[in-house]
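If you want the building blocks of each chain, they are given just below.
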Amino acid sequence: MSSFKIYKRLDLTSSSCAGPIGELSGVMDEVNPGEAVEVIVADEATKKDIITWANRRRFKVVDQGQENGKFKLLVGK
Amino acid sequence: MLKRIAILGGGAAGTMVANRLAKRLYKELKSEQVEITLFSKDENHIYWPGYLFVAFNLDDPESFKKREKELLNPSVKLQTEEVNKIDLNNRTLVLKSGASYQYDYLVIATGSEYHYEEIQGYDSVVGFYDEIHALKMRETLNSFSGGKIVVNIARLPIRCPPAPAEGTLILDDILRNRGIRNNSEIIFTTPINMIIGIKEAHALLINEFEKRGIQFVPYFTVASVDPQNKVIESQEGDKIKYDLLIGVPPHSGAQVIKASEIGDRMGWVPTDKYTLQVKDHPEVYAIGDATDLPISKAGATADFESYIIVDNIISDLRGEKIKKTYDGSVMCFAAAGLGKATVFRFNYTIPPNPPTPLDTLWWVKLMYNKLYWDITARAIL
Ligand SMILES: Cc1cc2nc3c(=O)[nH]c(=O)nc-3n(C[C@H](O)[C@H](O)[C@H](O)COP(=O)(O)OP(=O)(O)OC[C@H]3O[C@@H](n4cnc5c(N)ncnc54)[C@H](O)[C@@H]3O)c2cc1C
């Protein structure tokens with residue numbers, strides 16, 4: 001984890017037409033190798049969707065946890 | 001002392017802010033205590049949702065373009081020139097001619113730009129996101145007699161994320177009306193796991209897709225297009241052959257945001273989700289497509305945001321302490337085929353609850369295409 005530099009933190013707990021994966025995928029396109037994005041999502045289902053998506057895109061889910069009932073993920077390139 | 005308000009961008013967002021400010025600051029403008037100047041590199045103001053109608057030959061490009069001068073309140077000064085640099089530290093805009101303009105308040109409304117060139121072969125697509133591709137789509141559809149159609153969203157975020165699904169459903173109806181749906185296949189591809197990223201809206205749309213036999217392919221991030229062999233390939237390693245490719249190009253923030261180094265790497269401006277102020281610069285606001293907010297790049301978003309920015313600039317000018325905050329409100333009328341539409345209305349905390357598609361909402365959508373110029377751009381309401 002420590003080898004990844006956090007490029008951005010995204011709060012994806014609100015509704016958005018692009019959705020949590022849409023918002024994150026847009027940001028991952030700007031991330032350089034060795035960098036990561038920290039995301040907060042509202043529910044476990046979204047967390048699982050992000051992990052599935054990250055695996056398909058060959059991004060690394062470097063860390064995951066829970067904070068105040070919300071789910072936190074660190075997605076790296 | 002004269003206060004100068006600069007608005008950068010003559011699209012939906014910038015025009016609404018300018019007109020709403022001008023109406024509210026009528027006295028201050030008259031007594032020359034305040035000056036409002038809008039900078040736009042284009043003489044024309046474009047109503048982007050119109051290209052959905054142009055592509056299907058339901059309307060003409062001329063209906064969706066007006067001269068910015070005709071839309072602005074006469075007390076707003078219009079400067080039709082590109083701004084090359086925004087110098088936030090010195091509160092200055094540097095114009096292409098080399099001239100500069102010092103502001104007390106700045107509203108950044110520079111919108112989105114398209115980048116077909118970022119994906120190999122992508123400029124060969126037809127589409128409904130700009131005039132050139134919409135006219136190409138209209139012409140291609142005119143002689144289309146059936147085949148495999150792929151609709152692709154290249155990358156997110158995009159302007160109005162429901163629009164690609166709207167176009168797909170209208171296309172399905174048009175092919176049916178022409179009796180060529182049976183020998184056509186429609187495949188909708190997107191980088192994400194949903195048609196649009198809100199569960200409630202996805203549920204409604206996937207139901208509509210299933211009813212009509214439209215195939216949904218999630219997790220498809222386009223890597224390249226081969227227009228000779230008519231193949232689209234994804235970063236995930238999938239290939240699809242097509243007869244007709246309808247594409248939504250990669251978007252980014254405006255070039256001036258990148259050149260001024262005030263945005264993220266895609267050129268979106270770091271904006272406070274509640275106050276809409278630009279990070280570290282309380283006298284600067286961002287609105288509309290230009291922001292980095294994870295909401296929706298929609299004219300309706302800009303409409304809701306404009307009231308907050310206008311109120312807060314005025315309260316600051318008048319030395320008042322009360323500030324309004326934006327609650328993330330968005331409202332979009334989305335076509336669910338030819339002749340039916342639904343509405344997505346939500347904010348940061350309340351998800352949408354879209355009604356079953358209705359024909360009355362389709363007529364509201366069509367009517368709004370005409371009313372946009374007066375109600376929204378000229379800010380008559
Ligand atoms: C097919 C389609 C369907 C849509 N449907 C809907 C819908 O149903 N509902 C909805 O709410 N929204 C919809 N939208 C989205 C909506 O059109 C946009 O979100 C809206 O136009 C954004 O307005 P804006 O003013 O922020 O940006 P823009 O319209 O992009 O305007 C930006 C302005 O800034 C100017 N500018 C940029 N850089 C400079 C510079 N350096 N110097 C000077 N000027 C500059 C540009 O010339 C332009 O005038 C749709 C969009 C599309 C493409």
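Residues numbered from 1 in each chain as written. Chains lettered and ligands numbered in written order. Predicted model: local features only at pLDDT ≥ 70, side-chain atom pairs only at ≥ 80, totals over all residues. Heavy atoms only, no water.

Engineer: What's the story with the nonpolar core in this structure? I'm lost.
Structural biologist: A general feature of soluble globular proteins is that nonpolar side chains tend to end up buried together. Counting residues in each nonpolar core, the largest one holds 128 residues, and the members touching the most others are Leu-24 of chain A together with Leu-21 and Ile-36 of chain B. Both domains that furnish three or more residues to this core are identified here as domain 1 (3-111 + 254-330) and domain 2 (115-251) of chain B. In this view, Leu-21 of chain B contacts Ile-5, Ile-7, Ile-36, Val-310, Ile-313 and Ile-314 of chain B; residues no more than four positions away in its chain are not counted. (Core = buried A, V, L, I, M, F, W, Y, C linked by side-chain atoms within 4.5 Å. Buried < 20%, exposed > 50% of the residue type's maximum accessible area, 1.4 Å probe, protein only. Domains from an automatic or database assignment. Contact = heavy atoms within 4.5 Å.)

Engineer: Hey, could you run me through helix α5 (residues 131-142) of chain B in this one?
Structural biologist: Note: α-helices contain 3.6 residues per turn, so residues at a spacing of three or four share the same orientation. Residues and elements named next belong to chain B. Between the first and last C-alpha of α5 there are 16 Å, a value that for 12 residues agrees with the 16 Å anticipated at 1.5 Å per step. For α5, the elements touching its buried residues are α3 (51-55), α6 (163-177) and β17 (244-248). Two or three places before Ile-132, at the start of α5, stands the capping residue Asp-130, its side-chain oxygen 3.4 Å from that residue's backbone nitrogen. (Helix = DSSP H or I, 4+ residues; strand = E, 2+ residues; numbered from the N terminus. Expected span 1.5 Å × (residues − 1). Polar contact = N/O pair within 3.5 Å; in protein donor to acceptor, adjacent residues only side chain to side chain.)

Engineer: What should I look at first to understand the confidence of the model for chain B in this one?
Structural biologist: Note: predicted coordinates in regions of low pLDDT should not be interpreted at a detailed level. With 100% of its residues at a pLDDT of at least 70, chain B reaches an overall mean of 96. If you check the scores for this complex, the pTM reads 0.96 and the ipTM reads 0.89. (pLDDT = per-residue confidence, 0-100.)

Engineer: Could you clarify how one ought to interpret the packing of aromatic side chains in this entry?
Structural biologist: The geometry of an aromatic ring pair is captured by two quantities: the separation of the ring centres and the angle between the planes. Residue and element names in this part refer to chain B. Summed over the entire model, instances satisfying the criterion amount to 20 aromatic pairs over all chains. Measuring from ring centre to ring centre gives 4.4 Å for Tyr-47 and Tyr-372, while their planes differ by 35°; the resulting arrangement is tilted. Taken together, the residues span a long stretch of sequence, with Tyr-47 in the loop between β3 (44-46) and α3 and Tyr-372 in helix α10 (residues 359-377) at a distance of 325 residues. Classification of Tyr-47 by relative accessible area gives buried; the value is 7%. When the ring of Phe-188 is compared with that of Phe-209, the centres are 5.4 Å apart and the planes differ by 70°; the resulting orientation is edge-to-face. Of this pair, Phe-188 sits in strand β12 (residues 185-189) while Phe-209 sits in helix α7 (residues 199-212); the two residues are 21 residues apart in sequence, bridging distant segments of the chain. Among the residues examined, Phe-209 registers a relative accessible area of 0% and is labelled buried. Taken together, the ring pairs in this structure connect Trp-48, Tyr-51, Phe-56, Tyr-114, Tyr-116, Tyr-122, Phe-128 and Tyr-129 into an aromatic cluster. Lying over the aromatic face of Trp-373, Lys-66 brings its terminal NZ or CZ to 5.3 Å of the ring centre. A cation over an aromatic ring shows up here: Lys-273 above the ring of Tyr-348, its NZ or CZ 4.6 Å from the ring centre. (Phe/Tyr/Trp six-rings, centres within 6.5 Å; stacked < 30°, edge-to-face > 60°. Lys NZ or Arg CZ within 6 Å of the ring centre and 35° of its normal.)

Engineer: Hey, could you run me through the domain arrangement of chain B in this one?
Structural biologist: Accessible area lost upon the coming together of the parts serves often as the stated size of an interface. Residue and element names in this part refer to chain B. When cut into domains, chain B gives domain 1 (3-111 + 254-330) and domain 2 (115-251). Distance between the C-alpha centres of domain 1 and domain 2: 31 Å. At the junction of the two partners, domain 1 supplies 16 residues and domain 2 supplies 23 residues. Roughly 1800 Å² is buried in total at the junction of domain 1 and domain 2, and carbon and sulfur atoms are behind 66% of that figure. Area buried by domain 1 at its contact with domain 2 is led by Leu-52, Ala-55 and Phe-56, which between them contribute 34% of it. Summed over the shared surface of domain 1 and domain 2, the number is 3 salt bridges. Where Arg-159 meets Asp-289, a salt bridge forms, and the shortest distance between an N and an O atom there is 3.1 Å. The interface formed by domain 1 and domain 2 includes 7 residue pairs in polar contact (both at pLDDT 80 or more). For the side of domain 1 that touches domain 2, the element with the highest residue contribution is α3, accounting for 4 residues. In the side of domain 1 that touches domain 2, the residues fall into 9 nonpolar, 1 polar and 6 charged. (Buried area = accessible area lost by both parts, 1.4 Å probe. Salt bridge = Lys/Arg side-chain N within 4 Å of Asp/Glu carboxyl O. Nonpolar A, V, L, I, M, F, W, Y, C, P; charged D, E, K, R; others polar.)

Engineer: Can you help me understand the sheet that holds strand β4 (residues 70-76) of chain A in this one?
Structural biologist: Where strands meet in a sheet, backbone hydrogen bonds hold them as pairs that are either parallel or antiparallel. All names here are of chain A. Read from one edge to the other, the open sheet built from 4 strands follows the order β1-β2-β4-β3, with strand pairing classed as mixed. The sheet is open, and its two borders are formed by β1 (5-11) and β3 (60-67), each paired with just one other strand. Recorded for the sheet is a direction-independent mean angle of 20° between the axes of neighbouring strands. Relative to β4, β3 runs antiparallel, the two being bridged by 7 bridges. Bridging across to β4, Glu-67 finds its partner in Lys-70. (Pairing = 2+ DSSP bridges. Axes fitted to C-alpha atoms, helices over the stretch in contact; angles between N-to-C directions.)

Engineer: Looking at this model, I keep getting lost on the sheet that holds strand β7 (residues 92-95) of chain B. Mind explaining?
Structural biologist: Residue and element names in this part refer to chain B. The 3 strands lie next to each other as β6-β7-β8, forming an open sheet whose pairing is antiparallel. Looking at strand neighbours, the two that pair on one side only are β6 (83-87) and β8 (100-102), the edges of this open sheet. Within this sheet the neighbouring strands show an average axis-to-axis angle of 20°, counted without direction. In the sheet, β6 pairs with β7 via 4 bridges, with the strands oriented antiparallel. If you follow Asp-87 over to β7, its bridge partner there is Thr-92.

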